[in-house]
Each structure stands twice: as C-alpha cells, then as structure tokens.
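# Survey of secondary and tertiary structure
This is what each chain is made of:
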Amino acid sequence: MSCPPEADNKRFIRSVDTLFGGKIQPQNCPWFSDEAPLILGAQSDKQSLKQLKQKCRLGLPPQIRCAVWISSVYRVANPHQSIQICDSYGTIGKRHLLDAAWDSVLQIVFANPSDRFHAIAPDLGLTQQGLNQLIHVDYGSWNPFANNNGGPIPESGRRSLAAVLCAVQQVLGIEYCPLLPDIACILLTHMPESCAYATLREIIKYSTYFIPVGRQDYYSWCKSYEVFVMRMSSYHFAVLKKIGVLSPEGLEPVFKRFFTTILKREDVLRFMDIFVVDGSKAIFRLALSFLQLIPKNTLKSLKLPNADSWWSEIRKKTLHPSFEFKKQLEIMYPKFGKIAKRYPRRKLLKQAVSFHGRWALENMPMYMDRTPPKPIGLLTDRHVLLAKPTAVRCNLAKWLPTPLKTTKLDLLYSTEIHGRSFAAFYKECHRTKHTIILVEALLGEGSATIGMFASHAWMVHPSSFGDGECFLFRADPDPICYNWIPNFSDDTEHQAVREQFMVARHDFIAMGANTDGTNGLRLDNDLTSGESNPALGFENEPLTKAGRKRFEDGVVAAYRLMREVDGKAVDGNDDMIWDLEGI
C-alpha cells in the first residue's frame, strides 16, 4: 500500500543497490530517523550544517544513505535554500519528480531507446583502459554475488553507470573529470539512476566546493597537494617528490580514483558520507593523513623506487584487518596541535588551487578523448534494418564530418518500400545533398553491411561529380572507413581518375574509380547486384572483405541527415534541387 502524498513529502527514500542489485541491510542509528528533518533542534542553518557534518563523520545507516547523500549535496550546493527544501530532496515525494526529470534526460541522451543497451560510458579523463579496470576488476570485492575472487560489475549495473556518465557528458557538458566514474559507482550502490544523476548535477554545479572539473583544475589540485605535503612534512615531500608520487600521474589513486583502490569498501562508503558535506577539503585531508601511516623513521628504512611502491605500502596499512577508519578520521580531523594547523582550511585550499592555475596551463599535456562518439539517432525505427544496430550508427558518427555528427538518420529510399529500381532511387534522393547509402551485400555464406557517404545529390549526370568529403565504409563486420586522400603528383590521367568521386547513370551508381573501369563501390542492374574493388584515392580494400568482389544486393537504403537541435534537414529546404551544372 502506497503512502499518502503528505507522508511521501516527509519520508526519506530507501537506499537501493542499482550497481549490483544487492540488498541493503538496515542498521539502527540513534542520530538519524527515516523522515525529514535530518537535524532536529538546531537554532540556525549554520548550526544545523555543523551538526550534519558531525553526524556524517560518525557514519550513516545504509538504508538512508541515498536520502542523506542527495539532500546534503543539494544543501551545500544551494546555501540560499531553506533547510526544509534541502531535506525534501531526500524524500519519496521528491523522487517522483527526479524520476520524471531523468526520463527526459534519457530521451535527450539516447535518441533511439535501444541505444541505451549498447551505450559506451565516457571515461571523462580516466582513460578507457582505466574505466575498463574499474568495471571489470576494481569493484569485484564490492559485488555481493561474486565469489571470493570478486567479479566485474554486472551488465545491468554497467548500463546504469553508462547512462549516468553519458548524461553527465552530453547534458551537463563535462568532458574531463576523472573522479566522476568512481563517484558515480559509489552513488549507484545506494541510489537509483535518477538520484545519482541529480546528485552529480549538484556536485558539478558547485564544483569549486567538491571536485576538479576540467584538466586545468585537476592539475591545479595536484600542484596544491604537493605544496601541502611540503608544509606537512619536508622529509616526506623530498622522498615522494623524488619517486614521482607528487606528480599528476602519481596522484591518480587519490585524485582520479577517489581512494577506491586504497581503502576497503566499507571505508570508501564512510568517506563518501563525509565527502557529501565536506567536499574537496575531505579529499585533501584524507590524502594528507596517509603521511601519518608511514612515519619518517619507517620511510627512511624503505626502499621505494617509484610512486606505485608508495601506494603499495599505503595499501598494506589500509587493507590490513587491523586498520580502523575511525582512527584515520581522528588523524584527518585533529582537535588541536601543530598537525591540526597544517591541514588546509577551505579558504586556503581554494586560494592554492586558484594560484596554481597558471602552472597547470603551462604543464598539462594535450588531452584527447578516446570515448566513442554518441551514435547518430534515428528519426523512426521502421524499415531501418541496416541502420538500427547501435554499433553501426556509432561508427557513422565517428566517420562523418564534424558538423554532421550530431544528426539523425531519416529514411529517403529503401528497396523494401519503394521497390528495386534506379528510377525510384533517383526520385527520392535527387533533392538531398548529403546522403548515406547502406547496402546489405549477400555473399552466399554470409553478408556484410557496406556503404558510401555522398557529398552531393544523387541524380543522373553525364560526368562524375562530388568532392573529397565522400567516403566508403564497411559497417559490419570489422568496421572501417576509407576517406579520400589527395595526391599532388603531376600525373593528370591518374589524377582525373582519382577525382571520380561519384558517378550516376541510368543503370548504375558508383563511388571511386580505377583506370581499368572498376569502382570502389558500384551498384547496378536496378539495385540487384554490385561489386567493390580497390579505388584510386580511397585506397580501400574490397568492402566485402570475403575474397569476393561481386555480390548480390539484399536491402539497399538511402538516408538523409536531420539536425538534432531543431529536427530540420542539414541541407535546408526540402524543395531545393541541387544544380550540378559545371561540376
């Protein structure tokens, strides 16, 4: 039986394990109840926040982590909002609204609903190798259903992680923030997707309080940490600087992996309880507190060749059964003494990160995002057999010119609808400049999906036309794209053949040419058969790759490109007929 609306607005969301599908075991907790408000009896907002931080350091009961995490982050990110509004973000009533908003986000991110099942999570600076390590190895001990050797995040959890990270990249516009994949994983162990995304949105909104967003911020954080280590212990600074621990690469376990490769699961969760209210200050304090685990005298006796050896020694301490995170918190938050003064306060931390911004700009390397692009969308999923696979549309997005990547495919012509004839093909395609043709090449023992991208409208013309924007491709199997490559030799005969980009006659169409009259891809006999040969300029192998240049045509389809932003054709007015005279 569902709760009445007034009760929904007070009762906190119960935590759910979206990442692994495990059961959240409730625990008794005297300092938190299961309904708003979070803090009782506070005389002011400032006092209430102070009490909230103190209670979060004591640890949260798992069943209300979802509610406390999201409402605490919202409260810190929106200090002008009342306590009542902030607490409401953790209630059942608010979750209904967050779920509805998340559905809208998913529609933006995944133009075709099936794309979600094949989505590739962006690494956001962690690198695809690092993200694969996270998914398949590092969270093995967190999986309640895995054996003692651990195991990867299950398929359902990977889809949820990919959906959240894709939304962060495509809707919130984040390209580089290597802490986010781990933070998203941790949130999803106690949150539904909608709450995890909403929490990340607020963290990013107030990123100066929580995490580095962008490469300059990340490198500024690393340089600032180096300065604070020197302030904490000059001997540790000298050793760690020498072996590379204080470099941006050496600090990856802290500033890229959110301590998940250093601490046990329960300790990471305890740290997250603190992070949602203390933000970046908690990250720096925990990272600096590790210096106390290996005192100066112990460090002198160790022979550490590199940064990995330092973190290995830290893991020996933190992963040992005798390690108590409670005692580490006492080191992180000392009440008095010289050590307490050496930890950076929030104002000093902010100033240090800002000051080292110029150093970051001068020293950060070039970054290239290796995440596969978002797949091209589909205007409709009817009669689009060849274009429906997400992998095909991902590769098309990768191969298309940059201005055309954020588009949707709109079916112009299909042999299944319009019949198998060039008259029908030209009738549907002669008004559209940019088209993608997909061909199901039947090879007897199997098939391949091959095609070509045309930079000019397909219409019968006595001479060749098009330009170097054209390309040939194989979409499946073994996807590959063959772009046209210019040649600046003086051989005018070969140059003329190389520039036969597109050929359109009454009885065939083709792209690419050779001196022997063959083509890179040619469709003839009213779209019933075709052939593919190496072509000058495209330097392609036969697209069918099966040792057979000739093939029978299965489905042949032509698509135009529609802009995502307004749903209009990239070529403008549908009634425009492209004039090829003089080409």
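Residues numbered from 1 in each chain as written. Predicted model: local features only at pLDDT ≥ 70, side-chain atom pairs only at ≥ 80, totals over all residues. Heavy atoms only, no water.

## What to know about the packing of aromatic side chains
Scanning the model with the defined rule gives 30 aromatic pairs in all. On the basis of an interplanar angle of 75 degrees and a centroid distance of 5.1 Å, the ring pair of Phe259 and Phe271 is categorised as edge-to-face. Of this pair, Phe259 sits in the loop between helix H13 (252-255) and helix H14 (265-278) while Phe271 sits in helix H14, and the two are 12 residues apart along the sequence. Phe271 matches Phe259 in its accessibility class, with the two residues each being buried. Their ring planes at 90 degrees and their centres at 5.5 Å tell us that Tyr413 and Phe425 sit as a pair that is edge-to-face. Placement of the pair is Tyr413 in strand S2 (residues 407-414) and Phe425 in helix H24 (residues 422-429), with a sequence separation of 12 residues. Among the aromatic residues, those joined into a cluster by ring pairs are Tyr206, Tyr209, Phe210, Phe258, Phe259, Phe271, Phe275 and Phe290. Above the face of the Tyr333 ring, Arg57 is positioned so that its terminal group lies 3.8 Å from the ring centre. In this structure, Lys300 packs its charged tip against the face of Tyr235, placed 5.6 Å from the ring centre. (Phe/Tyr/Trp six-rings, centres within 6.5 Å; stacked < 30°, edge-to-face > 60°. Helix = DSSP H or I, 4+ residues; strand = E, 2+ residues; numbered from the N terminus. Buried < 20%, exposed > 50% of the residue type's maximum accessible area, 1.4 Å probe, protein only. Lys NZ or Arg CZ within 6 Å of the ring centre and 35° of its normal.)

## Some words on the side chain of Thr544
Summarising the element assignment, Thr544 is placed in the loop between strand S10 (529-531) and strand S11 (550-563). A residue is classified by how much of its surface remains accessible, and Thr544, at 4% relative accessible area, is buried. When neighbours within four sequence positions are excluded, Thr544 is seen to be in contact with Ala441, Leu443, Ile450, Lys549 and Phe551. (Contact = heavy atoms within 4.5 Å.)

## Comments concerning the pattern of salt bridges
Tallying each qualifying case throughout the model produces 27 salt bridges. Asp115 serves as the salt-bridge partner of Arg393, at 2.4 Å between the closest nitrogen and oxygen. Of the two residues, Arg393 is situated in helix H22 (residues 390-399) and Asp115 in the loop between helix H5 (92-109) and helix H6 (128-138); the sequence distance between them amounts to 278 residues. One exposure class covers both Arg393 and Asp115, and it is buried. Linking Lys241 and Glu226 is a salt bridge whose minimum nitrogen-to-oxygen distance equals 3.1 Å. (Salt bridge = Lys/Arg side-chain N within 4 Å of Asp/Glu carboxyl O.)

## Regarding the side chain of Arg498
In this structure, Arg498 sits in helix H25 (residues 492-498). Arg498 gets classed as buried once you look at its relative accessible area, which sits at 8%. Other than its neighbours up to four places away in sequence, Arg498 contacts Trp484, Ile485, Pro486, Asn487, Leu536, Gly537 and Glu539.

## Observations concerning the nonpolar core
Counting residues in each nonpolar core, the largest one holds 124 residues, and the members touching the most others are Ile183, Phe255, Phe259, Phe271, Phe275, Ile283 and Trp310. Filtering out sequence-adjacent residues up to four positions away, Phe255 remains in contact with Pro178, Leu179, Tyr218, Trp221, Cys222, Tyr225, Ile283 and Phe284. Membership of the second largest hydrophobic core comes to 35 residues, among which are Ala424, Leu472, Ala504 and Ile509. (Core = buried A, V, L, I, M, F, W, Y, C linked by side-chain atoms within 4.5 Å.)

## Here we look at the pairing of strand S9 (residues 521-524)
Looking at chain direction, strand S8 (residues 508-511) and S9 are connected through 4 bridges and run antiparallel. Of the residues in S9, the one forming a bridge with Phe508 is Asp524. Examined bridge by bridge, S9 and S10 share 3 bridges and lie antiparallel to one another. Residue pairing in the sheet places Leu523 in a bridge with Gly530 of S10. A loop of 4 residues connects S9 with S10, the two strands running antiparallel in sequence, and Asn525 in this loop sits at a positive phi of about 50 degrees. (Pairing = 2+ DSSP bridges.)

## Topic: the pairing of S11
For S11, the tally of buried residues reaches 11 of 14 residues, placing the bulk of the element in the interior. Both S2 and S11 contribute to a ladder of 7 bridges, which runs antiparallel. Along S11, the bridge assignment pairs Thr407 with Arg563. Inspection of the sheet shows strand S3 (residues 435-442) paired to S11 by 7 bridges, in the antiparallel sense. Within S11, the residue paired with Leu442 across the bridge is Glu552.

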